[in-house]
Amino acid sequence: MDCNGIPLRLDRGTVIMGILNVTPDSFSDGGRYARPEAAVEQARTMIAEGAEIIDIGGESTRPGSAPVSLEEELNRVLPAIRALREAGVQVPISVDTYKAEVGRKALEAGAHMLNDIWGLRKDTEMAKVAAAYGCPIVIMHNRLEAVYDNFIPEVLQDLQESIRLAHEAGIKDSQIILDPGIGFAKTYEHNLQLMNELHRIVAMGYPVLLGTSRKSMIRTALQLPPDDVVEGTAATVTMGIVQGCEIMRVHDVRAMKRVAVMTDTIVRHRLSL
């Protein structure tokens, strides 16, 4: 997969995407990396620990968080992207946004891919931006409410609708990455069910990104705060890799890289038997 000039290899094992929040109110690390210098330092640390993508987010998506204006999100995201590019970061920079204008400006500033938590359905111009730039785009499953008649089939149907919107705008299959949307418009039970059926999303034929890191599903199961669930996140990463997910979006890069390498080794050995 080509990220606007930087190759993203999905054939050499699980790819780790490091989370870089430049927001003051993220549930996990709000405010720590808002300054461009701090963002560069954290990106370098994550790359040294094994991150092959850096995902920059300028708007918190935690439950109850307030929406951020277009201008404010741009003011948070663009300086970080420019700083990473000026620092010579050599891995793809992803931008976590559902706003087409943020996506466009981010790509102009030097980002390489887009990560849309609304699966092209919140801002219909987002698909056109991805098509125009030919960049990879993560299409995540999401809804306004966690209301379903038949949960897994409806998740698959929603993702198919997002793929249709992508094709309609001119996005190629080679640009598409799917995300099951763990923690978004899903109850605790929905999340657990989806974790057991990730293989059905993998079977749709696109690379799958799994973002479970420090999510409420894990915190609920372990009854622990966000900064103390590394083992729970590791369990979800392992489950994802075993079922065929290829990209893991995580906070704890060093630990999850080791988990991924070990799980990849076991899976490859199993497949070679």
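What comes next concerns the included structure. (Residues numbered from 1 in each chain as written. Predicted model: local features only at pLDDT ≥ 70, side-chain atom pairs only at ≥ 80, totals over all residues. Heavy atoms only, no water.)

Before going further, it helps to examine the overall build of the protein. Looking only at helices and strands, one finds 10 helices and 10 strands in the protein. Against the 2.2 N^0.38 benchmark of 19 Å for 273 residues, the protein shows a C-alpha radius of gyration of 17 Å, consistent with a compact globule. Each of the three principal axes of the protein carries a C-alpha extent, and together these read 45 × 40 × 40 Å. The burial tally for the protein puts 54% of its 273 residues in the buried class. A fraction of 68% describes how many contacts in the protein between residues 6 or more apart in sequence connect residues 24 or more apart. Of the roughly 11,900 Å² that the protein leaves accessible, carbon and sulfur atoms contribute 50%. The centroid of the 29 positive side-chain charges in the protein is displaced by 3 Å from the centroid of its 36 negative side-chain charges. (Helix = DSSP H or I, 4+ residues; strand = E, 2+ residues; numbered from the N terminus. Rg over C-alpha atoms; globule rule 2.2 N^0.38 Å. Buried < 20%, exposed > 50% of the residue type's maximum accessible area, 1.4 Å probe, protein only. Contact = heavy atoms within 4.5 Å. Areas by Shrake-Rupley, 256 points an atom, 1.4 Å probe, with all protein chains shown as cover. Lys, Arg positive; Asp, Glu negative; His and termini not counted. Charge placed at Lys NZ, Arg CZ, Asp CG, Glu CD.)

Here the focus is the pattern of salt bridges. Taken as a whole and assessed by the stated rule, the structure comprises 19 salt bridges. Residue Glu 101 is joined to Arg 104 by a salt bridge in which the shortest nitrogen-to-oxygen separation is 2.5 Å. Of the two residues, Glu 101 and Arg 104 are both situated in helix α3 (residues 100-109); the distance of three residues between them amounts to about one turn of the helix. Using a relative accessible area of 26% as the deciding quantity, one classes Glu 101 as partly exposed. (Salt bridge = Lys/Arg side-chain N within 4 Å of Asp/Glu carboxyl O.)

All right, on to the packing of aromatic side chains then. Evaluation of the coordinates by the stated rule reveals one aromatic pair. Ring centres 4.9 Å apart and planes at 80° place the aromatic pair Tyr 148 and Phe 151 in the edge-to-face group. In this structure, Tyr 148 and Phe 151 share a single accessibility class: buried. One Lys or Arg, Lys 122, reaches over the ring of Tyr 98 and ends 6.0 Å from the middle of that ring. Taking NZ or CZ as reference, Lys 122 lies 4.8 Å from the ring centre of Trp 118, over its face. (Phe/Tyr/Trp six-rings, centres within 6.5 Å; stacked < 30°, edge-to-face > 60°. Lys NZ or Arg CZ within 6 Å of the ring centre and 35° of its normal.)

Reading across from one edge, β8-β7-β6-β5-β4-β3-β10-β9 is the order of the eight strands in this open sheet, with parallel pairing throughout. Of all the strands in the sheet, just β8 (176-179) and β9 (209-210) have a single pairing partner and so form its edges. Sheet topology places strand β4 (residues 53-57) next to strand β5 (residues 93-96); four bridges connect them, and they run parallel. Paired with Gly 57 across the two strands is Asp 96, which belongs to β5. Along the sheet, helix α1 (residues 36-49) makes contact with β3 (15-21) and β4, crossing β3 at roughly 160°. Each of β7 (137-140) and β8 is contacted by helix α5 (residues 151-169), which is oriented at about 160° to β8, the strand it contacts most. (Pairing = 2+ DSSP bridges. Axes fitted to C-alpha atoms, helices over the stretch in contact; angles between N-to-C directions.)

Looking now at the packing of helix α9 (residues 230-242) against helix α10 (residues 253-272). Where α9 contacts α10, the axes come no closer than 9 Å and their chain directions differ by 30°. Between α9 and α10, the angle falls in the class roughly parallel. Considering only the axes of α9 and α10, their crossing is right-handed. For the pair α9 and α10, the contacting residues are Val 230, Thr 233, Ala 234, Val 237, Thr 238, Ile 241 and Val 242 in the first and Ala 255, Met 256, Val 259, Ala 260, Thr 263, Asp 264, Val 267 and Arg 270 in the second. Class assignment for the residues of the contact of α9 with α10 results in 10 nonpolar, three polar and two charged. (Parallel < 35°, antiparallel > 145°, perpendicular 65-115°, else oblique. Left-handed = near helix turned anticlockwise from the far one by under 90°. Nonpolar A, V, L, I, M, F, W, Y, C, P; charged D, E, K, R; others polar.)

Glancing now at unusual backbone geometry. Phi is positive for Leu 120, close to 70°, though the residue is something other than glycine. On the secondary structure map, Leu 120 appears in the loop between β6 (113-116) and α4 (125-133). Notably, Gln 223 is not glycine yet its phi reads approximately 55°, a positive angle. Structurally, Gln 223 can be placed in the loop between α8 (216-222) and α9. Residue classification places Gln 223 among the exposed residues on the basis of a relative accessible area of 64%.

Purely spatial values, then, with no claim about function.
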